[in-house]
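Now for the letters of each chain:
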Amino acid sequence: EEEEKEEGQEKEEEEALTSDPERTGGYTLGGGRTLANNTKSTSTTPQIKATAPSTALSTPQLPPEPPASDSNSLLVQIRGPKGHVKRRFDVATANLAHLFALASTSTISSSPGKEDNPRAFRLVTRFPRRVFTLDDTTSRQTLQEAGLTPGQELLMVETF
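Counting starts from 1 at the beginning of each chain's written sequence and moves along it residue by residue. Per-residue local features of the predicted model are confined to residues with pLDDT of at least 70, and side-chain atom pairs are confined, for both listing and counting, to 80 or more; whole-chain, interface and lining totals are unaffected and use all residues. Computation of side-chain values: all heavy atoms of the structure, hydrogens and water removed.

> Looking at this structure, how should I read the nonpolar core?
Grouped burial of nonpolar side chains is what soluble globular proteins tend to show. Membership of the largest hydrophobic core comes to 24 residues, with the highest contact counts inside it found for Ile78, Phe89, Leu99, Leu123, Phe132 and Leu143. Numbering of helices and strands runs from the N terminus, with a helix taken as a DSSP run of H or I at least four residues long and a strand as a DSSP run of E at least two residues long. If one sorts the elements of this core by residue count, helix H3 (residues 96–106) sits on top with seven residues. For this analysis, residues touch if any pair of their heavy atoms sits within 4.5 Å. Apart from the residues lying within four places of it in its own chain, the contact partners of Phe89 are Leu62, Pro66, Asn72, Ser73, Leu74, Val76, Ala94, His98, Leu99, Leu102 and Leu143. Among buried residues, those of type Ala, Val, Leu, Ile, Met, Phe, Trp, Tyr and Cys that are joined through side-chain atoms within 4.5 Å constitute a nonpolar core. A 1.4 Å probe rolled over the protein chains alone gives each residue an accessible area, and that area as a share of the maximum for its type sets the label: buried under 20%, exposed over 50%, partly exposed in between.

Now the structure itself:
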């Protein structure tokens, strides 16, 4: 019984360490990534930091969220197999690599290799259907250049 109590206490301490954003700088996600709280931003949405080994296409650090009142502000909701995430982007400065980084760390299932590879899925809108893929030519394209406008957008993750 004492061993069970000790194991239970150790497990509680470990969970407290990995889920307490003050101690770890954020929440630990699969693949060694952390979902970090950004203390510099006025937004309540956490910033994503990639700490996993880099893949063929490295995961960029997300830019700070613009205020909702900003004229270039786009609220994006990305839905995937593991859930959904919402975040604001500035359409003039954020690029498609930022969208894919957010989607890959927040909404992709933990299929081997898929969560680390933004090239293993695409983001699509339902109506009118638009397909966004990430490659060397589109990764630096701003959201505005990709055809996204300020307002709101729902993107679905399609894996292939």
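Still more to cover.
> Hey, could you run me through the sheet that holds strand E7 (residues 130–132) in this one?
In a beta sheet, neighbouring strands are held together by backbone hydrogen bonds and run either parallel or antiparallel to one another. For two strands to be treated as a pair, DSSP must find no fewer than two bridges joining them. Read from one edge to the other, the open sheet built from five strands follows the order E5-E4-E8-E6-E7, with strand pairing classed as mixed. Looking at which strands have only one partner, the edges of the open sheet turn out to be strand E5 (83–90) and E7. When strand polarity is set aside, the average angle formed by the axes of neighbouring strands in this sheet is 30°. Axis geometry follows a simple rule: fit a line to the C-alpha atoms, using only the stretch in contact for helices, then measure angles between N-to-C directions, giving values from 0 to 180 degrees. Contacting strand E4 (73–80), E5, strand E6 (121–125), E7 and strand E8 (151–159), H3 runs over the sheet at an angle of about 105° to E6.

> Quick question: what am I supposed to make of H3 here?
Quick reminder: α-helices carry 3.6 residues per turn. Residues three or four places apart thus point the same way. Most of H3 sits out of view: ten of its eleven residues are buried. Those residues of H3 lying buried are Leu96, Ala97, His98, Leu99, Phe100, Ala101, Leu102, Ala103, Ser104 and Thr105. Here H3 starts with a cap whose side-chain oxygen sits 3.1 Å from the backbone nitrogen of Ala97, and that cap is Asn95. Counting of polar contacts relies on pairs of N or O atoms within 3.5 Å, with two restrictions inside protein: one atom must be capable of donating a hydrogen and the other of accepting it, and residues adjacent in sequence are counted only when both atoms are side-chain atoms.

> What should I look at first to understand the pattern of salt bridges in this one?
Pairs can form between side chains of opposite charge whenever their charged atoms are close. Salt bridge, as used here, is a side-chain nitrogen of Lys or Arg placed within 4 Å of a carboxyl oxygen of Asp or Glu. Following the criterion strictly, the structure yields four salt bridges and no others. One connected set of salt bridges, linked through shared partners, spans Arg122, Arg129 and Glu158.

> Help me out: how do you make sense of the packing of aromatic side chains in this one?
For any pair of aromatic rings, geometry is given as the distance between the ring centres together with the angle between the planes. The pairing test for Phe, Tyr and Trp rings, Trp by its six-membered ring, is centres within 6.5 Å, and the orientation test on the planes gives stacked under 30 degrees, edge-to-face over 60, and tilted for anything in between. Under the criterion given, the structure shown has one aromatic pair. The ring of Phe89 has Arg87 lying over it, and the distance from NZ or CZ to the ring centre is 4.9 Å. Put simply, a charge is over a ring when the Lys NZ or the Arg CZ is close to the ring centre, within 6 Å, and near the line of the ring normal, within 35 degrees.

> Help me understand the side chain of Glu153, please; the structure alone is not making it clear to me.
Along the chain, the position of Glu153 falls in strand E8. Since its relative accessible area comes to 17%, Glu153 is described here as buried. Among the polar contacts made by the side chain of Glu153, one reaches the side chain of Arg130 at a distance of 3.0 Å. Among residues more than four places away in sequence, those in contact with Glu153 are Leu74, Leu75, Val76, Gln77, Thr125, Arg130 and Leu148.

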